[in-house]
Amino acid sequence: RTFQATLAQLDQPLDLAVKMPDDAVPGRGGIRVVLTPKLADDLPGVREYMSLYTYTCLEQRASRAIALRDKALWGRTMDELPAFLDRDGFAKYFASEQLGNDTLTAYLLSVASEAGWEIPAGSLSRMRGALRNFVAGRAGRDSPLQTADLTIRKVAALEALSRYQRIEPNQLDSIEVAPNLWPTSAVLDWQSLMKRSEGLRDREKHLLETEQILRSRLNFQGTTMGFSTERLDYLWWLMISGDVNANRMLLAVVDDDKWRDDIARLVRGTLGRQQHGRWNTTVANAWGVLAMEKYSARFESEPMAGQVQARLEAQQNILEWDKQASGGSFDYSWPAAQATLSVSQNGSGKPWVTVQSRAAIPLKQPLSS
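Residues numbered from 1 in each chain as written. Predicted model: local features only at pLDDT ≥ 70, side-chain atom pairs only at ≥ 80, totals over all residues. Heavy atoms only, no water.

K.L.:
Honestly, the sheet that holds strand β1 (residues 2-9) in this entry has me stumped. Any pointers?
P.N.:
What links the strands of a sheet is backbone hydrogen bonding, and the strands pair in either a parallel or an antiparallel sense. If you walk across this open sheet you meet the 4 strands as β1-β10-β3-β8, and the pairing is antiparallel. Across the chains shown, the open sheet's two edge strands, defined by having one partner strand only, are β1 and β8 (328-332). For this sheet, the mean inter-axis angle between neighbouring strands, taken without regard to orientation, is 15 degrees. The pairing of strand β3 (residues 30-36) with β8 spans 5 bridges and is antiparallel. Of the residues in β8, the one forming a bridge with Leu-35 is Gly-328. (Pairing = 2+ DSSP bridges. Helix = DSSP H or I, 4+ residues; strand = E, 2+ residues; numbered from the N terminus. Axes fitted to C-alpha atoms, helices over the stretch in contact; angles between N-to-C directions.)

What follows is the structure, given as structure tokens:
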């Protein structure tokens, strides 16, 4: 089994000291080097699932358009949007409903902004007005459940509004700021709100606090990313799940230099959450496509050319990108003593390398992860 593993981008040569574990069974295992041009590729599982998705409420149609990057579907959905807005400007899941929903309204504004797609001016103005009135208490909407989620919903509404307008300090007066007690989705919304709102009181303090909270909650098990609060983070009536949070977490920090060393793990971690090649909800798939698109634009825009050379003592391999455009892997037997594994890219592009230490080690006590 894999005893240890590490992931790195070959923007410079990689040198790793490797040695067979002292108690490993001789003659089994070794070092495996896996090379890939991109961590996030075409997401074929997401594309297939969303292409075949047959349900048609407003959220599902919008999420399908985003996940498939289908501008024609988005255009048709926006053409019909006025019929899905209630008298106050809140978006409704179905046109036949009487009252709209603040959560759905905030989601549509946020995901459209992140995708770089437009909502028609008339509908956008009404939706923004609805969220402003909701935050101010002038347009109330009950939660689908009898639960204390008003603060979470108001923070989500403010985050959506901050993408389109300046947030005034008095708009936060009705919110009790306690991010340590909030679910992860609200912490992400609060951080996003603070990043866009330079005039808010104690902004730098809030940004530092949210970063510390998010780092403390991150939990990596193998190649999967989760949150220590995940059981409390599943707020299905607000369209929030662990997969949504994982993808929005990546979106929130992918362009933040303080998180640069963690980006690869975040990408692998959120991809590791997929079941059958997709995430668990239409909302999660929409955010996931946007997260991977933004990640690739920053870290994977340069095409691969040249070759990768890998060497462990006398064992040497070369991968040529013009012959193996999708990458490949090499296996090395354990050296007799500690030695150095060297991997380098010679040419354009910054491929990713996963180095696995594989060994058969007798268990001396119970092993749990």
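K.L.:
Got a minute to help me understand the nonpolar core in this structure?
P.N.:
Where a protein is soluble and globular, its nonpolar side chains tend to be buried together. Counting residues in each nonpolar core, the largest one holds 92 residues, and the members touching the most others are Trp-74, Ile-119, Met-249 and Leu-266. Residue contributions to this core peak at 10 residues, all from helix α12 (residues 282-299). Aside from chain neighbours lying at most four places away, what touches Met-249 is Leu-188, Leu-214, Leu-218, Phe-227, Trp-259 and Leu-266. Of all hydrophobic cores here, the second largest spans 23 residues; its members include Ala-8, Val-33, Leu-319 and Tyr-332. (Core = buried A, V, L, I, M, F, W, Y, C linked by side-chain atoms within 4.5 Å. Buried < 20%, exposed > 50% of the residue type's maximum accessible area, 1.4 Å probe, protein only. Contact = heavy atoms within 4.5 Å.)

K.L.:
Help me understand helix α5 (residues 121-136) in this model?
P.N.:
Given 3.6 residues per helical turn, the α-helix brings residues three or four places apart onto the same face. With 16 residues, α5 extends 22 Å between its outermost C-alpha atoms, agreeing within 8% with the 22 Å of an ideal straight helix rising 1.5 Å per residue. Looking at α5, one finds that the buried residues are Ser-123, Leu-124, Met-127, Gly-129, Ala-130, Leu-131, Phe-134 and Val-135. On its buried face, α5 is in contact with α4 (102-115) and α6 (150-162). (Expected span 1.5 Å × (residues − 1).)

K.L.:
Is there a simple way to explain α4 in this structure?
P.N.:
The terminal C-alpha atoms of α4, which comprises 14 residues, lie 20 Å apart, in line with the 20 Å expected from a rise of 1.5 Å per residue. In terms of burial, α4 is a largely internal element, 12 of the 14 residues being buried. Of all the residues in α4, the buried ones are Asp-102, Thr-103, Leu-104, Thr-105, Ala-106, Tyr-107, Leu-108, Leu-109, Ser-110, Val-111, Ala-112 and Ala-115. Lining the buried residues of α4 we find α2 (58-68), α3 (71-79), α5, α6 and α12. Capping the start of α4, Asn-101 holds a side-chain oxygen 2.8 Å from the backbone nitrogen of Thr-103, two or three residues further along. (Polar contact = N/O pair within 3.5 Å; in protein donor to acceptor, adjacent residues only side chain to side chain.)

K.L.:
Looking at this model, I keep getting lost on the sheet that holds strand β6 (residues 307-312). Mind explaining?
P.N.:
Read from one edge to the other, the open sheet built from 4 strands follows the order β2-β9-β6-β7, with strand pairing classed as antiparallel. Looking at strand neighbours, the two that pair on one side only are β2 (14-18) and β7 (315-320), the edges of this open sheet. Ignoring strand direction, the axes of neighbouring strands in this sheet form an average angle of 10 degrees. One ladder, built from 6 bridges, connects β6 with β7; its direction is antiparallel. Bridging from a neighbouring strand, Leu-312 pairs with Gln-315 of β7.

K.L.:
So what exactly am I meant to see when it comes to the environment of Gln-307 here?
P.N.:
Tracing the backbone shows Gln-307 in strand β6. On the basis of relative accessibility, which here comes to 22%, the residue Gln-307 falls in the partly exposed class. Distance from Gln-307 to Tyr-295, taken between C-alpha atoms, is 23 Å for residues 12 residues apart in sequence. Those residues within four positions of Gln-307 in sequence are excluded, and the remaining contacts are Ile-318, Leu-319, Glu-320, Trp-321, Ser-344, Gln-345 and Asn-346. Only 3.1 Å separates the side chain of Gln-307 from the side chain of Gln-309, close enough to count as a polar contact.

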